[in-house]
Amino acid sequence: MQTPDTLQNRITGSLYGMFIADSLAMPVHWYYDTIALRKDYGEVLDFLPPRNPHPDSILWRSTYTPTHPSADILHDQARYWGKRGVHYHQFLKAGQNTLNVQLCRTLLGLIQEDGSYSQERWLKRFVTFMTTPGSHNDTYAEEYLRHFFIHYGRGTKLQLCGRTDEHHIGGLSLMLPLLIVFSKNKRYAKRLALQHLSLTHGGAIMEQGGSLIADILLDLLHGESLCAAITNACDDCTHPIAKHPLATLLEFPDTRVISKHFSSACYIEHALPATLYLALKYAEDPESGLIANTMAGGDNAGRGAVLGALFGAAGGMEIWPERWVNGLLQPPPIPEIDEIPEIPTQPQE
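In this report, we go over the structure that sits alongside the text. Everything numeric in this text was worked out from a predicted model, so none of it was measured.

## Quick notes on empty space enclosed by the protein
And step 1. Following the criterion strictly, the structure yields 2 cavities of 30 Å³ or more and no others.
And step 2. Each pocket or cavity is described by its volume, and for the largest cavity that value is around 110 Å³.
And step 3. Lining the largest cavity are 19 residues, and of these His-29, Thr-98, Leu-99, Asn-100 and Glu-142 sit closest to its centre.
And step 4. Breaking the lining of the largest cavity down by element, the ones donating at least two residues are helix H3 (99–114), helix H6 (170–181) and helix H13 (300–315).

What follows is the structure, encoded as structure tokens:
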């Protein structure tokens, strides 16, 4: 039996936390009107299916035109783009994950198959997944995916297709599997994860945010408490993103903090400190923390993946309700620690 103080248990709890938080938020993802959110879904305590119409959907003004037939990533979902009221995740079932976390699952599967990671193998798997009809049933593809495949369709080298000016918190979810799986070697895991992040989410703000989350998550996986891990990492980070007086906000209602003090939108400048605020406030009650994040609306799926990973790394599998663990339709592949080969201190260039 796994105990909360084992690295394997914290790894398992962290990966499940990502998937649980994303799935919980999925039906109310990008509801900015929290009154409408409650009217449509009530208090979201369990996995629910999404419903049309989505009152805050801006899919009607989102566009993607493949620059080459090989760069078609929308397939049969393309006909829903440009229409009002369409839910971003309309065909997902209760307990399924958004496209970002489905990509995380694909990455975990690749690591499990190969016992290692390389950018080249990942990029090939990434392209195959996105360009194969029926690989997923999510309607929405975020801006970073559209940017990547516009350049892919033009023949750009895969390592250069990503954006260099990204600042969306959803990108952090893509690097979490590498931090978690390779956490035995903290220095290696952090460097590998940041290199992976830069493939799709380049830019100084993403690197700073990714570095901050990497330090916190790796400390948690090695037994540090949530409060200490967040405090220490923020103290060491010189970027303004880490300098918000989070402790002074804990007495206020979540709806005031995430809407008035921090925007509930996807931009990392606000979304990351909002996530850390929730982590601190609900450190002793992760279940309520994920529900609070979900009910705050906005990019609750992007925040949630990070928040769930932090909670799970701190508390292991014991913190997650059985209904959530068993309710995931596609739970994360869990690599065993002993299956991970010895890795060098520095990844190969």
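## Points about the side chain of Ser-57
And step 1. Tracing the sequence through the fold places Ser-57 in the loop between helix H2 (34–41) and H3.
And step 2. Given a relative accessible area of 5%, Ser-57 falls into the buried group.

## Comments concerning the nonpolar core
And step 1. With 116 residues, the main nonpolar core has Leu-103, Leu-172 and Leu-212 as its most contacted residues.
And step 2. Take this core: its biggest share by element is 10 residues, from helix H8 (residues 204–221).
And step 3. With near-sequence residues (within four places) excluded, Leu-103 lies in contact with Trp-122, Phe-126, Phe-129, Met-130, Tyr-144, Leu-145 and Leu-174.

## Some points on helix H5 (residues 143–153)
And step 1. Listed as buried for H5 are Tyr-144, Leu-145, Arg-146, Phe-148, Phe-149 and Gly-153.
And step 2. Here the buried face of H5 lies against H3, helix H4 (119–131) and H6.

## Description of the pattern of salt bridges
And step 1. One pass over the structure, following the stated rule, counts 11 salt bridges.
And step 2. Between Arg-121 and Asp-114 there is a salt bridge, with its nearest N and O atoms 2.5 Å apart.
And step 3. Arg-121 gets classed as partly exposed once you look at its relative accessible area, which sits at 34%.
And step 4. Looking at Asp-114, the relative accessible area reads 33%, which means it is partly exposed.
And step 5. One salt bridge in this structure joins Arg-163 and Asp-165, with 3.0 Å as the shortest N-O distance.
And step 6. A residue is classified by how much of its surface remains accessible, and Asp-165, at 49% relative accessible area, is partly exposed.
And step 7. Salt bridges here are not isolated pairs; linked through shared partners, they connect Glu-143, Arg-163, Asp-165 and Glu-166.

## Observations concerning the packing of helix H1 (residues 7–25) against H13
And step 1. Here H1 crosses H13 at 155°, and the two axes come no closer than 7 Å. One finds that H1 runs roughly antiparallel with respect to H13. Between H1 and H13 lies a crossing of right-handed hand. Facing H1, whose interface residues are Arg-10, Gly-13, Ser-14, Gly-17, Met-18, Ala-21, Asp-22 and Ala-25, H13 presents Asn-300, Ala-301, Gly-304, Ala-305, Gly-308, Ala-309, Gly-312 and Ala-313.
And step 2. Split by residue class, the contact of H1 with H13 holds 7 nonpolar, 7 polar and 2 charged.

Criteria and cut-off values
- Per chain, residue numbering runs from 1 following the sequence as it is written.
- A pLDDT threshold of at least 70 governs which residues receive local features in this predicted model, and a stricter bar of 80 or more applies before side-chain atom pairs are shown or counted, although totals over entire chains, interfaces and linings include all residues.
- Processing note: side-chain calculations cover all non-hydrogen atoms of the structure and skip hydrogens and water entirely.
- A pocket, in this scheme, is an open set of points on a 1 Å grid over the protein atoms alone with protein on both sides within 12 Å along at least 5 of 7 lines, while a cavity is a set where a 1.4 Å probe fits but cannot get out; residues line either one if an atom lies within 4 Å of a point.
- Grid points are joined across faces, edges and corners, and a volume is the space filled by probe spheres set on the points.
- A run of H or I in DSSP becomes a helix once it reaches four residues, and a run of E becomes a strand once it reaches two; helices and strands are each numbered from the N terminus.
- For every residue, the accessible area (1.4 Å probe, protein chains only) is compared with the maximum for its type, and the residue is labelled buried under 20%, exposed over 50%, or partly exposed between those bounds.
- We define the nonpolar core as a collection of buried residues of types Ala, Val, Leu, Ile, Met, Phe, Trp, Tyr and Cys that are connected through side-chain atoms lying within 4.5 Å of one another.
- Contacts are assigned to residue pairs with any non-hydrogen atoms lying within 4.5 Å of each other.
- Any carboxyl oxygen of Asp or Glu within 4 Å of a side-chain nitrogen of Lys or Arg constitutes a salt bridge here.
- Here, axes are lines fitted to C-alpha atoms. For helices the fit covers the stretch in contact, and angles between N-to-C directions go from 0 to 180 degrees.
- Each angle receives one of four descriptions, namely roughly parallel if under 35 degrees, roughly antiparallel if over 145, roughly perpendicular if within 65 to 115, and oblique otherwise.
- By convention the crossing between two helices is left-handed if the near helix lies anticlockwise of the far one by an angle smaller than a right angle, and right-handed if it lies clockwise.
- Lys, Arg, Asp and Glu make up the charged group, whereas Ala, Val, Leu, Ile, Met, Phe, Trp, Tyr, Cys and Pro make up the nonpolar group; the residues left over, Gly among them, are polar.

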